[in-house]
Amino acid sequence: MKVSVIGAGAVGSQLAFALAIKNYENIAIIDIKENLARARALDIMQSSSLWGFEGKVKGSGEYKDIEGSDIVVTTAGLARKPGMTREALFDTNCKITRSVAAEIGKHAPGCIMIVVTNPLDIMAYIAYRESGFSPEKVMGMAGVLDTARYKYFISEKLSCSPSEVEALVLGMHGADMVITDGARAGKKNLKDFLSVKDLQGLKERTKKAGKEVVELLGSGSASFAPAASVSLMVDSIRHDRKEILPCSVHTRSAYGLGDIFIGLPAVIGRAGVEEVVEEEIGEAARKELLDAGKKIEKKIRKLEL
Ligand code: APR
């Protein structure tokens, strides 16, 4: 399997590294800063005997090097700086995502595309339209990350393992994410352990989890958890796991949503987004989802696609 990663910055390079140590055979990293891509690839390859992987990582500035990819992940774009929202990246990342998606459509027409660039749900829609791909071949990474963050904060609060926690975060990647009720730790509902105030506090922290990292860093944004989230999605495709993962996907009219990309539970397998799952998420979450959908729709309709 060949996986290409566009953008050799923090998220792209960590993703390439994660895939290498998971024994992916063929990884390409592309960046407009060619030397950055080559440096990242060389650095990862120099660790191969230490980590014991056999695959090849190649860095390049040319899109022809993504030819033959089964999966292409795009992280190309600006990342947030302190004080910036994901939405502030809009104009620049729109232009970058348009050109990157067109290149992917040209050089890797058979691939499945995963979008990471923010603001995510809009960029995923742009990538879908600009590449000319069918909707099941395009997905955005956000819900896996938001859910992982929520799980971690819950586990920290309850002093339990994050792997014991079940939770689901849908909707828009940002302040309008939809954190569904019904999170569980082991066999117990969180409402049995935590006060409404504590639970609300964990939800608020999750909504600002990326910002918390941005503020601490002072320069750059989160990368370990985003890269790990994409690598889980890539694994689900590679191994045809057909796992239900919260991803930014074309709605296919699920939940009464229109022609947009937004975070929904989706079956992710070798064919890409194999199904959008309409889970019972409760009336309040459903309304939040529709409200977030309207916001995304408004932004999408302003784009000239
Ligand atoms: N083609 C290829 N690479 C590009 C292009 C382009 N047209 N435009 C920008 N890049 C590259 C930059 O040169 C940079 O190396 O994208 C990389 C982005 O890396 P970082 O600035 O380190 O950003 P990162 O933290 O990796 O985040 C990337 O993911 O989570 C989102 O909000 C985040 O949109 C941002 C993206």
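Residues numbered from 1 in each chain as written. Predicted model: local features only at pLDDT ≥ 70, side-chain atom pairs only at ≥ 80, totals over all residues. Heavy atoms only, no water.

Now for the site of the ligand. Surveying the vicinity of the ligand reveals 23 residues, the closest of which are Ala10, Val11, Asp31, Thr75 and Asn118. Tyr63 is positioned with one of its side-chain polar atoms (N or O) 3.2 Å from a nitrogen atom of the ligand. Contact between the ligand and Asn118: an oxygen atom at 2.8 Å from a side-chain N or O atom of the residue. Out of a free accessible area of 730 Å², the ligand has 86% covered by protein chains. Here the ligand occupies the largest pocket. For the shell around the ligand, the secondary-structure elements that each account for two or more residues are helix 1 (10–21) and helix 4 (90–107). Among the elements that line the shell around the ligand, the one with the most residues is helix 4, at three residues. (Near = heavy atom within 4 Å. Polar contact = N/O pair within 3.5 Å; in protein donor to acceptor, adjacent residues only side chain to side chain. Areas by Shrake-Rupley, 256 points an atom, 1.4 Å probe, with all protein chains shown as cover. 1 Å grid on protein atoms, 1.4 Å probe; cavity = no way out; pocket = protein on both sides within 12 Å on 5 of 7 lines; lining within 4 Å. Sits in = over half its atoms within 2 Å of the grid points. Helix = DSSP H or I, 4+ residues; strand = E, 2+ residues; numbered from the N terminus.)

Attention now goes to the domain arrangement of the protein. As assigned here, the protein comprises domain 1 (2–140) and domain 2 (143–301). Contacts between domain 1 and domain 2 engage 38 residues on the former and 45 residues on the latter. When domain 1 packs against domain 2, the two sides together hide about 3300 Å² of surface, and 63% of this comes from carbon and sulfur. Its salt-bridge partner being Arg270, residue Asp70 comes within 3.7 Å of it at the nearest N-O pair. Where domain 1 touches domain 2, the interface holds eleven residue pairs in polar contact (both at pLDDT 80 or more). Contributions of two or more residues to the side of domain 1 that touches domain 2 are made by helix 1, strand 4 (71–74), strand 5 (112–115), helix 5 (120–131) and strand 6 (138–140). Across the side of domain 1 that touches domain 2, the residue classes break down as 23 nonpolar, five polar and ten charged. (Domains from an automatic or database assignment. Contact = heavy atoms within 4.5 Å. Buried area = accessible area lost by both parts, 1.4 Å probe. Salt bridge = Lys/Arg side-chain N within 4 Å of Asp/Glu carboxyl O. Nonpolar A, V, L, I, M, F, W, Y, C, P; charged D, E, K, R; others polar.)

Okay, the pattern of salt bridges next. One pass over the structure, following the stated rule, counts 19 salt bridges. As a salt-bridge pair, Arg98 and Glu130 come within 3.2 Å of each other at their nearest N and O atoms. Within this pair, whereas Arg98 is found in helix 4, its partner Glu130 is found in helix 5, the two being separated by 32 residues in sequence. The class for Arg98 is partly exposed, based on a relative accessible area of 29%. (Buried < 20%, exposed > 50% of the residue type's maximum accessible area, 1.4 Å probe, protein only.)

Moving on, we come to helix 8 (residues 209–217). If you check which residues of helix 8 are buried, you get Ala209, Gly210 and Val214. The buried residues of helix 8 occupy an angular sector of 140° when projected down its axis, which confines them to one face. Summarising the contacts, the buried residues of helix 8 are in contact with helix 6 (143–158) and helix 7 (196–207). Where helix 8 ends, the next residue or the one after it, Gly218, has phi of about 80°, a positive value. (Arc of directions from axis to C-beta.)

This part is about the nonpolar core. Ile6, Ile104, Ile114, Met139, Val234, Leu264 and Leu289 are the most contacted members of the largest nonpolar core, which has 81 residues in total. Counting residues per element, this core draws most heavily on helix 5, at eight residues. Counting contributing residues, this core receives three or more from each of domain 1 (2–140) and domain 2 (143–301). Contact partners of Ile114, with chain neighbours within four places excluded, come to Ile71, Val72, Val73, Thr74, Met139, Met141, Val230, Met233, Val234 and Ile237. (Core = buried A, V, L, I, M, F, W, Y, C linked by side-chain atoms within 4.5 Å.)

A separate point is the environment of Tyr125. Among the secondary structure elements, Tyr125 is positioned in helix 5. Those residues in contact with Tyr125, other than ones at most four positions away along the chain, are Asp259, Ile260, Phe261, Ile300, Arg301 and Leu305.

Turning our attention to helix 9 (residues 224–238). Since the α-helix advances by 3.6 residues per turn, residues separated by three or four positions end up pointing in the same direction. Between its first and last C-alpha, helix 9 extends 21 Å over 15 residues, near the 21 Å set by a 1.5 Å rise per residue. Of all the residues in helix 9, the buried ones are Pro226, Ala227, Ser229, Val230, Ser231, Met233, Val234, Asp235, Ser236 and Ile237. Positive backbone phi, at 50°, marks Asp240, one or two positions downstream of helix 9. (Expected span 1.5 Å × (residues − 1).)

Okay, the sheet that holds strand 7 (residues 165–166) next. Overall, antiparallel pairing links the three strands, which are arranged 7-10-11 in an open sheet. In the strand order of this sheet, the two ends are held by strand 7 and strand 11 (188–189), each with one partner. Strand direction decides the pairing type here: strand 10 (residues 184–185) and strand 11, joined by two bridges, are antiparallel. When the bridges of strand 11 are listed, Ala185 appears paired with Lys188. (Pairing = 2+ DSSP bridges.)

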